[in-house]
Amino acid sequence: MNLDDLISEYAGIEERLADPSVHADQSLARKLGKRYAELRPIVETHRELSSTEDDLAAARELAGEDAAFAAEAEDLAKRREELEERLRRLLVPRDPNDAKDVILEVKAGEGGEESALFAGDLLRMYLRYAERVGWKTEVLDSHPSDLGGYKDVTVAVKAKGAQEEGVWTRLKFEGGVHRVQRVPATESQGRIHTSAVGVLVTPEAEDVDVQVDPNDLRIDVYRSSGPGGQSVNTTDSAVRITHLPTGVVVSCQNEKSQLQNKEQALRILRSRLLAMAQEEADAAASAERKSQVRTVDRSERVRTYNYPENRISDHRVGYKAYNLDQVLDGDLQNVTQALVDAEMERRLAEAQKS
């Protein structure tokens with residue numbers, strides 16, 4: 001779509017959102033609100049650019065009579081260049097999932113109990129980061145380890161209301177293997193160990209994205225378990241769902257109600273099926289998705305967390321900083337921004353080639 005089409009779409013959505021009947025359908029209203037927020041910076045930048053161009057033309061016309069207008073014209077010319085560059089970046093084709101919420105899974109890997117403990121640290125980092133940027137989080141399923149970490153944990157991360165930037169825009173870069181170097185709590189000799197945790201991020205699918213036929217599901221129920229495998233529930237409330245056509249298996253045991261666990265498992269299932277459908281439709285996306293977590297092995301890392309040096313390194317873009325303690329407390333913005341900027345440069349280069 002060209003700029004005029006986007007401006008026309010924005011005006012149409014604005015008109016629809018002013019209609020009270022639209023808000024009777026919360027799903028539709030939320031979808032329109034997200035798109036409206038996505039288009040708003042484009043429209044506002046275009047409006048400011050048009051206004052700046054008018055002011056610049058007037059200042060240049062008056063510059064021959066008053067030197068003060070010559071200086072103003074110079075400032076306006078610089079501002080016009082800035083706005084043109086901003087608009088150019090805003091018009092670069094986006095990832096179609098950028099406005100979506102996500103399902104984030106953290107899985108302990110190589111490193112035993114230490115890996116499970118670090119999985120708990122990463123979970124806390126993501127929860128704190130979500131709190132900082134105003135996102136809502138919900139733990140859908142978790143399997144704690146004996147020492148207080150997590151064998152695996154699944155969290156839904158959602159934007160609150162309409163925001164210009166969706167959750168996927170930032171968290172999609174977290175997929176992959178995260179390596180930690182530190183002295184484990186279980187180490188008595190004070191030696192530094194290296195272990196790994198896998199993170200998988202998928203855009204959360206809505207009902208309109210993925211239709212799941214109930215006849216394609218095998219649903220099993222069982223008693224939920226805690227650390228060490230002990231039963232923590234006297235009823236069969238935990239749910240395991242197998243999608244027979246694809247073989248995808250998901251399970252949930254966090255809720256006390258079997259029905260609630262089933263609903264949570266279906267959310268995770270839909271998101272995984274959406275990711276699989278996108279992989280089949282786009283070979284490039286498939287390669288990227290599969291690269292997130294091929295094996296939770298120390299050599300397959302996207303990021304390293306070095307405790308002795310208080311250093312965090314992202315190996316994909318060469319990012320390095322010595323504020324690991326702050327990052328683990330949720331100050332993840334600079335890390336994600338480096339990855340967002342790298343993707344933007346790649347998309348700009350692709351747009352110029354085409």
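Residues numbered from 1 in each chain as written. Predicted model: local features only at pLDDT ≥ 70, side-chain atom pairs only at ≥ 80, totals over all residues. Heavy atoms only, no water.

## Some remarks on the nonpolar core
If you look at the biggest cluster of nonpolar residues, it comprises 32 residues, and the most contacted ones within it are Val-106, Leu-122, Tyr-126, Leu-171 and Tyr-305. If you list the elements that add at least two residues to this core, you get strand S1 (102–108), helix H4 (112–133), strand S3 (150–159), helix H5 (167–171), strand S5 (193–203), strand S11 (319–321) and helix H8 (324–328). At 8 residues, the largest contribution of residues to this core is made by H4. Counting 17 residues, the second largest nonpolar core, distinct from the first, contains Ala-205, Val-210, Leu-217 and Cys-252. (Core = buried A, V, L, I, M, F, W, Y, C linked by side-chain atoms within 4.5 Å. Buried < 20%, exposed > 50% of the residue type's maximum accessible area, 1.4 Å probe, protein only. Helix = DSSP H or I, 4+ residues; strand = E, 2+ residues; numbered from the N terminus.)

## Re the pairing of S3
The sheet contact formed by S1 and S3 spans 6 bridges and is antiparallel. Residue pairing in the sheet places Lys-107 in a bridge with Asp-152 of S3. With 9 bridges joining them, strand S2 (residues 135–144) and S3 adopt antiparallel strand pairing. Looking at the pairing, Trp-135 lines up with Ala-159 of S3. Taking the residues between adjacent antiparallel strands as the criterion, S2 and S3 are bridged by 5 residues, where Gly-148 takes a positive phi near 105°. (Pairing = 2+ DSSP bridges.)

## Re helix H3 (residues 67–90)
Helix length check: H3 (24 residues) gives 35 Å between terminal C-alpha atoms against 34 Å at 1.5 Å per residue, within 8%. Listed in full, the buried residues belonging to H3 are Ala-73, Leu-76, Ala-77, Leu-83 and Leu-87. On its buried face, H3 sits against helix H1 (3–17) and helix H2 (26–63). Measuring from the side-chain oxygen of the N-cap residue of H3 to the backbone nitrogen of Ala-68 gives 2.9 Å; that N-cap residue is Asp-66. (Expected span 1.5 Å × (residues − 1). Contact = heavy atoms within 4.5 Å. Polar contact = N/O pair within 3.5 Å; in protein donor to acceptor, adjacent residues only side chain to side chain.)

## Some words on the sheet that holds strand S6 (residues 217–222)
Spatial strand order, S6-S7-S8: 3 strands in an open sheet with antiparallel pairing. Of all the strands in the sheet, the pair left with one neighbour each is S6 and strand S8 (248–252). Strand-to-strand, the axes of this sheet are offset by a mean angle of 15°, without reference to chain direction. With 6 bridges connecting them, S6 and strand S7 (residues 238–243) associate as antiparallel partners. Within S7, the position partnered with Arg-218 by the bridge is Thr-242. (Axes fitted to C-alpha atoms, helices over the stretch in contact; angles between N-to-C directions.)

## A short note on the confidence of the model for the chain
Averaged over all residues, the pLDDT of the chain equals 87, while 89% of them reach at least 70. Ignoring residues within four places in sequence, the model shows residues 293–299, a span with pLDDT below 50, making 23 contacts including any to other chains. (pLDDT = per-residue confidence, 0-100.)

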